[in-house]
Each structure stands twice: as C-alpha cells, then as structure tokens.
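Take a look at the letters that make up each chain.
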Amino acid sequence: IYKNVYNRLPKDFCEVIIDLGAYPQPQDSGIKNKIILLLTQEEVSYRILERNYYTSHGLFKEFFKNTEIIVSCWEVGCVISTHIEHIKKICMTYGIAKELTMLRPTRSIYDIILAYGEKDRNYFSLLTRSVAIGNPRLDNFYNKKLDIGRVSRALSLFKDKNKKIILYVPTHGDLSSIYSMYFTLNKLSENFNIILKPHYLT
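First, a word on scope: everything that follows refers to the structure included in this document.

Considerations on the overall build of the protein chain
Tallying secondary structure elements over the protein chain gives eight helices and eight strands in all. Along the longest, intermediate and shortest principal axes, the C-alpha atoms of the protein chain span 60 × 40 × 35 Å. Relative to its 202 residues, the protein chain shows a buried fraction of 29%. Of the contacts formed within the protein chain by residues at least 6 apart in sequence, a portion of 46% connects residues at least 24 apart. A total of about 14200 Å² of accessible surface is found on the protein chain, and carbon and sulfur atoms cover 58% of it. Averaging the positions of the 28 positive and the 20 negative side-chain charges in the protein chain gives two centres separated by 5 Å.

Structure (structure tokens):
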C-alpha cells in the first residue's frame, strides 16, 4: 500500500509503525516477525508500538513526540488514539472492490484523504479535504518495474505450460466469490492453469 510513496520520500523523513495494539486480541508473534523481515529486506525504517503503550498516556506521547503526520488506510490503532489528536492524519485509499465501505463516516478523522480519481475525491470531499493522486500501488506496473523474474518462477511450476492462464484474485467478506467459484475453478483447471491469490482475511 505504502511502498511507492515511501520510496519517494527522504529515508530519514519517514518510518513504518508496527502497531501491536491496533486489534483487541494479541497477534501471533510470527506475524510481527514476518513484518520485521519484510521491512528489513526492503531497508525500511520502523518502530514497534507495543500493546502496553495504549494504557500509558506518557509512553504513547513519548513514542510519538517527533511525529508530525500519521498515514493510514484504516481507522484502527494509533491513528484513532485520543493520546495524539494533535498529529495530522492522512488516509491512503486502499481497495476498490468495496465501494460501500469507501465512504465511511469514520474517515472524517483525517486531515486529508488521498483518492484514486475524481469520483473518489468527490465522495471523500463530503467528509474532509481530498486530493486525487492516482493509485501508487500501480506505479511499478506503469513504469515497467515489475519483478518479472518472480512471476516467471511461479509460472514455471505449472506442469502443462501450453494451457492458458487464469488469474483469480477475489476480495473477502460479502463481496467475495471464492466459495461459489470453487467448483467452477476446479472444472476450469482441466483446460487452464489457474493462479489463485486469496485475500489474506479469507
């Protein structure tokens, strides 16, 4: 979500916050370790906001004492904390499948929402200031900077390389078709190679 924006900023200007208090239940430590590994590989500066900071106004305030702006795509965790109401908040738009959740009243907490285009911007302007910036997640595609080697390695795993490929990337929840498409995909696999990328919440 943030990669192509982060890469355009000076490295000493921004960091990723691994917010362990963003959800009511403690997260599996394996998830934290995978996030740290990814950020380390990408050479991204990060800090960990521990769960216990949420119960201490002093710890929370100290953690964010040099923070001017928080960028988020959801209204969870530190971005909604009353401990840091004075910090500016920017919303990076995430996802396009669930239009009904795009215009949620909770987005009014942001000082600005970065929209994909004019339609989104018009929606978000009902809640707060909004600017259309496009979708930074697609920058690598349009700038021809995709990791084709990674894709080629994945495609080489298919036994029958003469079959055409179907890429199926469903969302989750009420708009997901993954459960109703299971038997259809199974049938299609007789004539096609199928790449399925389920949503991480499925």
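Still more to cover.
Some remarks on the sheet that holds strand β4 (residues 88-92)
What the four strands build is an open sheet, ordered β3-β4-β5-β6; its pairing is parallel. Each having just a single partner strand, β3 (69-72) and β6 (129-132) make up the two edges of the open sheet. This sheet shows a mean twist of 20 degrees between the axes of neighbouring strands, independent of strand direction. Of the pairings in the sheet, the one linking strand β5 (residues 112-115) to β6 comprises four bridges and is parallel in character. Note on β6: the bridge partner recorded for I113 is S130.

Brief notes about the pattern of salt bridges
Applying the stated criterion to the full structure yields seven salt bridges. Residues D139 and R8 are paired through a salt bridge, measuring 3.7 Å at the closest nitrogen-oxygen approach. Pair noted here: D139 is in helix α6 (residues 139-142) and R8 is in the loop between α1 (3-6) and β1 (16-19), with a separation of 131 residues, a long-range link. Here R8 falls in the exposed class, since its relative accessible area comes to 65%. With a closest N to O distance of 3.0 Å, K65 and E62 form a salt bridge. A residue is classified by how much of its surface remains accessible, and K65, at 54% relative accessible area, is exposed.

Overview of the packing of aromatic side chains
As enumerated under the stated definition, the model contains seven aromatic pairs in all. A centroid spacing of 5.0 Å and a plane angle of 70 degrees characterise the contact between Y54 and F60, whose relative ring orientation is edge-to-face. A residue is classified by how much of its surface remains accessible, and Y54, at 23% relative accessible area, is partly exposed. When its relative accessible area of 0% is taken as the criterion, F60 is described as buried.

Some remarks on the environment of N191
With respect to the helices, strands and loops of the structure, N191 is situated in the loop between α8 (178-188) and β8 (192-196). Along the backbone, N191 and K159 are 32 residues apart, and their C-alpha atoms lie at a distance of 12 Å.

Points about the pairing of β1
In terms of strand pairing, β1 meets strand β2 (residues 46-49) through four bridges, oriented parallel. By the bridge assignment for β2, D19 is matched with L49. Of the crossover connections in this fold, the one passing from β1 over helix α2 (residues 29-41) to the parallel β2 is right-handed.

Some details on the nonpolar core
One finds L49, F60, F64, I70, C78 and I84 to be the most contacted residues of the largest nonpolar core, which totals 15 residues. Sequence-distant contacts of L49, that is, excluding residues within four places in its chain, are made with I17, I18, D19, L20, G21, Y54, F60, F63, F64 and C78. Core analysis: the second largest hydrophobic core is formed by seven residues, C14, L20, I36 and V44 among them.

Details of the side chain of S176
The residue S176 is located in the loop between β7 (164-168) and α8 in this model. A polar contact of 3.2 Å, which involves the side chain of S176, links it to the backbone nitrogen of I178. Once residues within four sequence positions are removed from consideration, S176 is found in contact with P170 and T171.

Cut-offs and rules
- Numbers given for residues are sequential positions, taken from 1 along each chain in its written order.
- A pLDDT threshold of at least 70 governs which residues receive local features in this predicted model, and a stricter bar of 80 or more applies before side-chain atom pairs are shown or counted, although totals over entire chains, interfaces and linings include all residues.
- The side-chain values count all of the structure's non-hydrogen atoms but skip hydrogen atoms and water molecules.
- Under the scheme used here, helices are H or I runs from DSSP no shorter than 4 residues and strands are E runs no shorter than 2 residues, and both carry numbers assigned from the N terminus.
- For every residue, the accessible area (1.4 Å probe, protein chains only) is compared with the maximum for its type, and the residue is labelled buried under 20%, exposed over 50%, or partly exposed between those bounds.
- Contacts are assigned to residue pairs with any non-hydrogen atoms lying within 4.5 Å of each other.
- Computed by Shrake-Rupley with a 1.4 Å probe, the accessible areas treat only the displayed protein chains as cover when residues are assessed.
- Positive charge is attributed to Lys and Arg, negative charge to Asp and Glu, and no charge count is given to His or to the chain ends.
- By convention, the charge on Lys lies at NZ, on Arg at CZ, on Asp at CG and on Glu at CD.
- By the convention used here, strands pair only if DSSP detects at least 2 bridges between them.
- Orientation is described by lines fitted to C-alpha atoms, with helices fitted over the stretch in contact, and by angles between N-to-C directions that extend from 0 to 180 degrees.
- Salt bridges, as used here, are contacts in which a Lys or Arg side-chain nitrogen is within 4 Å of a carboxyl oxygen on Asp or Glu.
- Classification of ring pairs uses Phe, Tyr and Trp, with its six-membered ring standing for Trp, and accepts pairs whose centres are within 6.5 Å; under 30 degrees between planes counts as stacked, over 60 as edge-to-face, and the remaining range as tilted.
- Looking down the strands as they point away from you, a crossover is right-handed if its path from the first strand over the helix to the second goes clockwise.
- The set of buried Ala, Val, Leu, Ile, Met, Phe, Trp, Tyr and Cys residues whose side-chain atoms join them within 4.5 Å is what this entry labels a nonpolar core.
- Counted as a polar contact is a pair of N or O atoms within 3.5 Å, where, for protein atoms, one must be capable of donating a hydrogen and the other of accepting one, and residues adjacent in sequence contribute only when both atoms are in side chains.

From the geometry alone we can't say anything about function, so treat these as descriptive.
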